[in-house]
Amino acid sequence: MKTPTIPRDVNWREFFVEQLIRLAGASSIGFVLLIFLFLIREGAPALLEVPLSNLVGQRWYPTFDIYGLAPLVLGSLLVTVGAIAISLPLGVAAALFIGEIAPEWVREILKPAIEIIAGIPSVVIGFVGIQVVSPLVREFSGAPTGLTALTGVLLLAYMALPTIISIAEDALDSVPESYRHAAYALSATQWQTIWRVVLPAARPGIVTAVMLGVGRAIGETMTVMMVAGNAARMPLGLDAFLRPVRTMTATIAAEMGEVARGSTHYHVLFVVGLVLFLLTFVINLAGALTIFRRGRGGGGRFLA
Amino acid sequence: MVTNKAIMSETAKLTLEDVSFYYGDESALRHIDLQILNHEILAVFGPAMSGKSTLLRILNRLTDLATEGRLEGQVFLDGKNIHDPDVSVTQLRTRVGIVFAVPVPLPLSIWENVTYGPLLGRRRGKDQLEELVERSLRSAALWDEVKDRLQDPATALSGGQQQRLCLARVLALEPEVILLDEPCSGLDPISTMKVEAALLTLKQKHSIVIVPHNVQQASRIGNKAAFLLMGELVEYGSVEDVFTRPRDSRTDDYITGRFG
Amino acid sequence: MNSSRYTVQKVAFGVISAAAIGVVIPLVLVIAYIVAQGIGAMSWEFISAMPRSGMREGGVFPALVGTVWLTIGTALTSLPFGVGAGVYLAEYASDNWFTRTIRLAIINLAGVPSVVYGLFGLGLFVIFLRFGMSIVAGSLTLGIMTLPVIISTTEQALNAVPQSFRVVNVSLGGTTWQGVRKVILPQALPGIMTGVILGLERAAGETAPILFTVAAFYLPRLPHSIFNQTMALPYHLFVISTQVPGMPIRIQYGTALVLMVFVLTMNLLATLIRRYYRRRRQW
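The rules behind each value
- Residues numbered from 1 in each chain as written.
- Chains lettered and ligands numbered in written order.
- Predicted model: local features only at pLDDT ≥ 70, side-chain atom pairs only at ≥ 80, totals over all residues.
- Helix = DSSP H or I, 4+ residues; strand = E, 2+ residues; numbered from the N terminus.
- Rg over C-alpha atoms; globule rule 2.2 N^0.38 Å.
- Buried ≥ 20, exposed ≤ 12 C-beta atoms within 10 Å, placed from the backbone.
- Contact = placed C-beta atoms within 7 Å.
- Nonpolar A, V, L, I, M, F, W, Y, C, P; charged D, E, K, R; others polar.
- Core = buried A, V, L, I, M, F, W, Y, C linked by C-beta atoms within 7 Å.
- Pairing = 2+ DSSP bridges.
- Expected span 1.5 Å × (residues − 1).
- Bend = angle between axes of the 7 residues up to and from the residue.

A. Examining the overall build of chain B more closely. Within chain B, the regular secondary structure consists of 10 helices and 10 strands. Against the 2.2 N^0.38 benchmark of 18 Å for 260 residues, chain B shows a C-alpha radius of gyration of 18 Å, consistent with a compact globule. Over its C-alpha atoms, taken along the principal directions, chain B stretches across nearly 50 × 45 × 35 Å. When the 260 residues of chain B are sorted by exposure, 45% land in the buried category. A separation threshold of at least 6 residues defines the contact pool for chain B, and within that pool the share at least 24 residues apart is 69%.

B. Representation of the overall build of chain A in the model. What chain A contains, in helices and strands, is 12 helices and 2 strands. Going residue by residue from the N terminus, the α and β elements of chain A occur as α-α-β-β-α-α-α-α-α-α-α-α-α-α. Taking all 304 residues of chain A together, the buried fraction comes to 50%. If you take every contact in chain A between residues at least 6 apart in sequence, the share linking residues at least 24 apart comes to 75%.

C. Local environment of unusual backbone geometry. In the Ramachandran plot, B:His39 falls in the positive-phi region, its phi being about 50 degrees despite a non-glycine side chain. When you line up the elements, B:His39 lands in the loop between strand E2 (26-36) and strand E3 (41-45). With 13 C-beta atoms packed within 10 Å, B:His39 lands in the partly exposed category. Phi is positive for C:Arg130, which is not a glycine, with a value near 60 degrees. Considering the arrangement of structural elements, one finds C:Arg130 in the loop between helix H5 (114-128) and helix H6 (135-160).

D. Spatial organisation of the interface of chain C and chain B. The partner chain B presents 17 residues to the 14 residues of chain C that form the contact. Listing elements by their share of the side of chain C that touches chain B, those giving two or more residues are helix H7 (163-171) and helix H8 (176-205) of chain C. If you tally residues by element for the side of chain C that touches chain B, the top one is H7(C), at 5 residues. Taken together, the residues of the side of chain C that touches chain B break down into 6 nonpolar, 8 polar and no charged.

E. Seen up close, the interface of chain A and chain C. Tallying the contact residues gives 77 residues for chain A and 82 residues for chain C. With 20 residues, the top contributor of residues to the side of chain A that touches chain C is helix H1 (residues 12-49) of chain A. Split by residue class, the side of chain A that touches chain C holds 49 nonpolar, 21 polar and 7 charged.

F. Region of interest: the environment of B:Val89. With respect to the secondary-structure elements, B:Val89 resides in helix H2 (residues 89-95). Placed 28 residues apart in sequence, B:Val89 and B:Arg61 show a C-alpha to C-alpha distance of 7.3 Å.

G. Representation of the nonpolar core within the structure. Formed by 258 residues in total, the largest nonpolar core has its most connected members in A:Val124, A:Leu156, A:Ala168 and B:Val209. Of the residues forming this core, the biggest block, 17 residues, is contributed by helix H6 (residues 149-173) of chain A. Setting aside anything within four residues of it in sequence, one finds B:Val209 in contact with B:Ile36, B:Leu42, B:Val44, B:Leu56, B:Leu59, B:Val177 and B:Leu179.

H. Summary view of the pairing of strand E10 (residues 232-238) of chain B. All names here are of chain B. In terms of strand pairing, strand E9 (residues 224-229) meets E10 through 6 bridges, oriented antiparallel. Residue pairing across strands places Ala226 opposite Tyr236, the latter belonging to E10. Remark: 2 residues form the turn of the hairpin made by E9 and E10, two consecutive strands paired antiparallel; Met230 in that turn has positive phi of roughly 50 degrees.

I. Just helix H9 (residues 203-219) of chain A, in detail. Taking 1.5 Å of rise per residue, 17 residues should cover 24 Å, and H9(A) covers 24 Å from first to last C-alpha, within 8% of that figure. With 14 of 17 residues buried, H9(A) lies mostly within the body of the structure.

J. Representation of the environment of B:Gly231 in the model. Residue and element names in this part refer to chain B. Looking at the secondary structure, you find Gly231 in the loop between E9 and E10. Its 22 C-beta neighbours within 10 Å are what place Gly231 among the buried residues. Considered as a pair, Gly231 and Ala48 are 183 residues apart in the sequence and their alpha carbons are 10 Å apart. If sequence neighbours within four positions are ignored, Gly231 has contacts with Ser27, Ala28, Leu29, Arg30, Ser50 and Gly51.

K. View of H6(C). All names here are of chain C. Helix length check: H6 (26 residues) gives 36 Å between terminal C-alpha atoms against 38 Å at 1.5 Å per residue, within 8%. The largest bend along H6 reaches roughly 40 degrees and is located at Thr146, with the proline Pro148 sitting one to four residues downstream. In terms of burial, H6 is a largely internal element, 24 of the 26 residues being buried.

L. Quick peek at the pairing of E3(B). Residue and element names in this part refer to chain B. Taken across its 5 residues, E3 has 5 buried, putting it largely inside the fold. A two-sided burial pattern is seen for E3, the buried positions comprising Ile41, Ala43 and Phe45 on one face and Leu42 and Val44 on the other. With 3 bridges connecting them, E3 and strand E8 (residues 207-211) associate as parallel partners. Bridge pairing links Ala43 to Ile210 in E8. Both E3 and E9 contribute to a ladder of 4 bridges, which runs parallel. The residue of E9 that forms the bridge with Phe45 is Phe227.

Below you can see the structure in the form of structure tokens.
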């Protein structure tokens, strides 16, 4: 909403203020460009120093100048896919519960609770993961250590939940009441209405929720670094979930502290950062575009 | 189109010359020639969606807010085209003030509402403001009811009081022309009476254009009347002429209630 | 036949309700567990004293103070750009390529992983601008990271204010800025404040952006200038829970508890502000 296109009077103070505000608006563009610029600035030397065949290799041994990104990328993907596989059904179920089934007083408790989950620092979740979840995983799976991909998946799923729930909630909310009324008029039960009418109608919004949840999961750093094991090996085979794994984010966080500035390793880490930047940009863009195309303002919720 | 050139005078306050207005491709007003003279009340009446509100908003360039709006023709205030590039549109709106159908008190105190307009311009002394506030509220027939609670929030007033507050707000700008768009539509008969009485007094110092709630209101307080039908100016003349001796059959039909 | 439909419904609803409750249970358990385990470490000394014996005794005071400084610094960085951009989008921008590019940039900023912000902060503030690892570098990094939340929260809050106020302002001869300054922005302020506090709450809990830009594990003294490094609660928790052998478990939970209380207090503050002003709203 705005007061649009009035031929504005020439009033120098108003003009000055408006230019400042316009500058603030443009600042976000500036910052994005700056991030991109500096990632390239510090990462480009790696592309010159390390041959491409090395970078796409399957081994990540920086001490031997081997910088294959594949295990890291796959590690991120594995953990993300696993997390979404859990949080999608759980999140949609919770959104359904909040939107369609729960009585008002339950809703009043659930919604703030979910907001609180969203606010828990990732390092605290990682800490709880180390202390509580990891021993449990070791108990129940017989794996030698509890610091596995599975542990990371479980925690990541929990962290992605608030994002998925809130967008799925929006999606379910925006299904017109008339759809439900029509179904009831045809003597459908509430569940039948939800399963056959509301959910299919909300599908685009739920897809958006998934995309933004994926963006969130891929970008998570501390939790996976603390519990997922940090072994930069290709996560292949059926027991991949029960073995330690390394994500791109954890790699940067774990190794940057130990590299010499200006070394090849240092530059390659920036390249990993660049890959993450581009990846999350594409995913979040796709997610946000589907929100905008459906005509909803989208609000700031998906940014939470 | 009615040839009103015979009664168009040179000393009119506001003149509309062959004015048409479009929202996108749809026309809201077509070829309007109209004048508002000093110290008179012009009642612009007609069925819904005839362009009456648009007509009012053209007069203080509130139509500039409509992104799809397009104006043809000219509008003059005291002989000067209000769309000239050297016209200050914010100043224009202090000379031609408007009261809307639904009262919109600002979420401030009664005092702050009334002083809002004047304080947008130059700074004023406290005494000046107090005097201005009292004068404006008296002219809007609201002073006695609020003089002891000027710091109260404006939203605490009743509907009728809020509308008179909006009138006082406009009066505080000391405008030359006052536009009123169905100002009494949500009001009870007593409040309506108070507003109409206030307008009759105000006409001595201002020019007033009102879109009346019904034709009875037009004949009660108007000096001149203009009948707008589907964007076209069908009839324009003194209130007596228009209501007792209308020249167009459509005017007669509307007034007598054959359509509405 | 009829009863089978309803049986299906009962089962389905049961599963869904279980799922939804299941979402909240871990939260309750986590908080309860941290409180239970960490309360043993709580004492005035824990909060106000400097650490001793390689963090194994003493308090977390410098980390707490550091987090407070960083939160303030984040606010100072993100508020002008964030609220300004929000005002621009809500009150001035028309639908053109410039506006759409801005929105695209905001989406982009919102999606950047926190550790990439850390890299960015390292490259620009620590190295290029030569601030070194410092409160300044950390605050600027966290501030840019918090921008998207503040912008969208501000825009939402402004859009919620009724359009009729803007029309009234214009009809009384006001300019856009006068309307924003005198009516619209004040009315949107509670919503903006809520969003800002929630954004700062997130920034206070972040570790990755401060890893390479400001965080130190052990500093003998509190920082005395913004160009100093500082300790910070999230980083502190990370190190003592993963890299210090023989760290008493009590202290780890205690640190986690302090961090949680810090974060939840901000959350509570934001909620209270929202509730209070919602009641007093005149529209």
